[in-house]
Amino acid sequence: MGAVGRQVRPAGLGRTVLMDEAYEALLALIIDEGLAPGTPLRIDTIAKDWGVSPTPLREALAKLENTGLVQRVPHRGYTVAPLLDDRGFRELMAARLLIEPYSARQACERDASGAARILAEHHREMTAAADQRETDDFRSYMQADSAFHAAIAEAAGNRFLSAAIDPLGAHIQRFRRFTGGRINDTEEALAEHSAVLRAFQASDASACEAAMRAHLEGVAHRSFGQAVSDPA
């Protein structure tokens, strides 16, 4: 499909799709295909090539616009948004430092054991993906990573915080994949996730908060070689 380089319906996407399915398919397309900033995302063309209705695609693109991953250009429709620059990524990590340590504490206080069971499964998936992935195959690893963080946000019980995690995580994936060249900190990230998991297993809310903060600071340090200041 000239604009986005995709000629067939994505795997698992039927002819009748919901907005959420279309959102996930478009998100995977943007991240996995490495679409260049400014690449057109023409609703009618995508709908024809994927063999689906344009309505859920239109709704999904509007949702993606709110995340900042796509943008709507007057008289041109939707296009892939520019990659975050270093400043944008720093701001993104600062936002995560505000949201995620707090969410970890809240999740632990509400249901530490329940969250721990879910996190243990995502940690196993992430470990397996890190062991098995090809050099340039980021998807399974990043999906498990995102699922780990999303599970904590959901367990915190605040739907607004939970909704904020999805676009933040998507920006992280896109930035790290297409500006960093490859992910080479799997051992550090897995160790940090393990510390978060152990804190949940111990039902220690303060330790959950601290472990999540340490993890995000570790990601920031490995990305920039220095800390990102928490604006709180």
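To be clear, the structure that these remarks concern was listed above.
All values derive from a computational prediction rather than experimental measurement.

**Here's the deal with helix 7 (residues 186-201)**
Inference 1: The first and last C-alpha atoms of helix 7 sit 22 Å apart over 16 residues, in line with the 22 Å expected at 1.5 Å per residue.
Inference 2: Of the positions making up helix 7, those classed as buried are Thr186, Ala189, Leu190, Glu192, His193, Val196, Leu197, Ala199 and Phe200.
Inference 3: For helix 7, the elements touching its buried residues are helix 4 (86-132), helix 5 (139-155) and helix 8 (205-224).
Inference 4: Phi turns positive, to about 55°, at Ser203, one or two residues after helix 7.

**Overview of unusual backbone geometry**
Inference 1: Positive phi, normally seen in glycine, also occurs at His75, with a value near 70°.
Inference 2: Tracing the chain through its elements places His75 in the loop between strand 1 (70-73) and strand 2 (77-80).
Inference 3: Positive phi, close to 55°, is recorded for Ser203, a residue that is not glycine.
Inference 4: Along the polypeptide, Ser203 turns up in the loop between helix 7 and helix 8.

**Looking at the nonpolar core**
Inference 1: In terms of nonpolar packing, the biggest core is built from 35 residues, with Leu119, Ile152, Val196 and Phe200 touching the most fellow members.
Inference 2: Taken together, the elements giving at least two residues each to this core come down to helix 4, helix 5, helix 6 (159-179), helix 7 and helix 8.
Inference 3: Looking at which element gives the most residues to this core, the answer is helix 4, with 13 residues.
Inference 4: For Leu119, the contacting residues outside a window of four places in its chain are Phe148, Ala151, Ile152, Leu197 and Phe200.
Inference 5: Ala60, Leu61, Leu69 and Ala170 belong to the second largest nonpolar core, which has 24 residues in total.

Cut-offs used in this document
- Residues numbered from 1 in each chain as written.
- Predicted model: local features only at pLDDT ≥ 70, side-chain atom pairs only at ≥ 80, totals over all residues.
- Heavy atoms only, no water.
- Helix = DSSP H or I, 4+ residues; strand = E, 2+ residues; numbered from the N terminus.
- Expected span 1.5 Å × (residues − 1).
- Buried < 20%, exposed > 50% of the residue type's maximum accessible area, 1.4 Å probe, protein only.
- Contact = heavy atoms within 4.5 Å.
- Core = buried A, V, L, I, M, F, W, Y, C linked by side-chain atoms within 4.5 Å.

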